[in-house]
Amino acid sequence: MSKTLKKKKHWLSKVQECAVSWAGPPGDLGAEIRGGAERGEFPYLGRLREEPGGGTCCVVSGKAPSPGDVLLEVNGTPVSGLTNRDTLAVIRHFREPIRLKTVKPGKLTSGLAGLLC
């Protein structure tokens, strides 16, 4: 007899979308953007700043992103494969609030890696 196979969810079902605004001086993001093509990594979120007086990340709608989440899109513009500097330029280009599509980091399958590259 054969064993039943567990059906795994597709990674697209785990994509989160949220709208965030940066409360603080213009051009000062309330989150660190790490990784990038120059390091052989996808862009991902670093720590979210929440100190008074500095740029803080305010979630306008959706679930707040977590540090370490892989950044897929900014206002519909794909950022996978961009350098860190280019990713920051895309974020700064749009007016606030901006829509972010992120996914929790995990084991990349060949389908996900092929799609994002």
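Conventions adopted
Sequence positions are assigned chain by chain, starting from 1 and proceeding in written order. Side-chain atom pairs in this predicted model are given and counted only at pLDDT of 80 or more, local residue features only at pLDDT of at least 70, and totals for whole chains, interfaces and linings cover all residues. Values shown for side chains rest on all heavy atoms present in the structure; no hydrogens or waters enter the calculation. UniProt positions are given in the numbering used here, feature names are shortened, and annotations may be inferred rather than shown by experiment. Working definition: with a 1.4 Å probe on protein chains only, accessible area under 20% of the residue-type maximum means buried, over 50% means exposed, and in between means partly exposed. Helix and strand definitions here come from DSSP, where helices need a minimum of 4 consecutive H or I residues and strands a minimum of 2 consecutive E residues; each element is numbered from the N-terminal end. By construction, the arc corresponds to the directions joining the helix axis to the C-beta atoms. Any carboxyl oxygen of Asp or Glu within 4 Å of a side-chain nitrogen of Lys or Arg constitutes a salt bridge here.

The name given to the chain in an unreviewed UniProt entry is PDZ domain-containing protein, with the source organism recorded as Eschrichtius robustus. Note on the chain: under the UniProt heading Subcellular location (unreviewed entry), the record states "Cell membrane".

Enquirer: Quick one: what's the story with helix α1 (residues 84–93), residue by residue and with numbers?
Expert: Within α1, burial applies to Asn 84, Thr 87, Leu 88, Val 90 and Ile 91. The buried side chains of α1 occupy one side of the element, clustering within an arc of 155° when seen end-on. Among the exposed residues of α1, those pointing more than 90 degrees away from its buried face are Arg 85 and His 93.

Enquirer: A description of unusual backbone geometry should follow, citing residues and the corresponding values.
Expert: Pro 97 follows Glu 96 through a cis peptide bond whose omega is -5°. Take Pro 97: it is sitting in the loop between α1 and β7 (98–103). Here Asn 75, not a glycine, exhibits a phi torsion of approximately 50°, which is positive. Within the secondary structure layout, Asn 75 lies in the loop between β5 (70–74) and β6 (77–78).

Enquirer: How would you sum up the pattern of salt bridges? Please name residues and give values.
Expert: Evaluation of the coordinates by the stated rule reveals five salt bridges. For Glu 17, the salt bridge is made with Arg 99, and the minimal N-O distance between the two is 3.5 Å. Of the two residues, Glu 17 is situated in strand β1 (residues 16–23) and Arg 99 in strand β7; the sequence distance between them amounts to 82 residues. Given the relative accessible area of 43%, Glu 17 is considered partly exposed. Look at Arg 99 and you get partly exposed, because its relative accessible area is 41%. Between Asp 69 and Lys 104 there is a salt bridge, with the nearest N and O atoms lying 3.5 Å from each other. With Asp 69 in the loop between β4 (56–62) and β5 and Lys 104 in the loop between β7 and α2 (110–116), the pair connects residues that are 35 residues apart, well separated along the chain. A relative accessible area of 1% means that Asp 69 is categorised as buried. It is possible to trace a salt-bridge network through shared partners that takes in Glu 32, Arg 34 and Arg 47.

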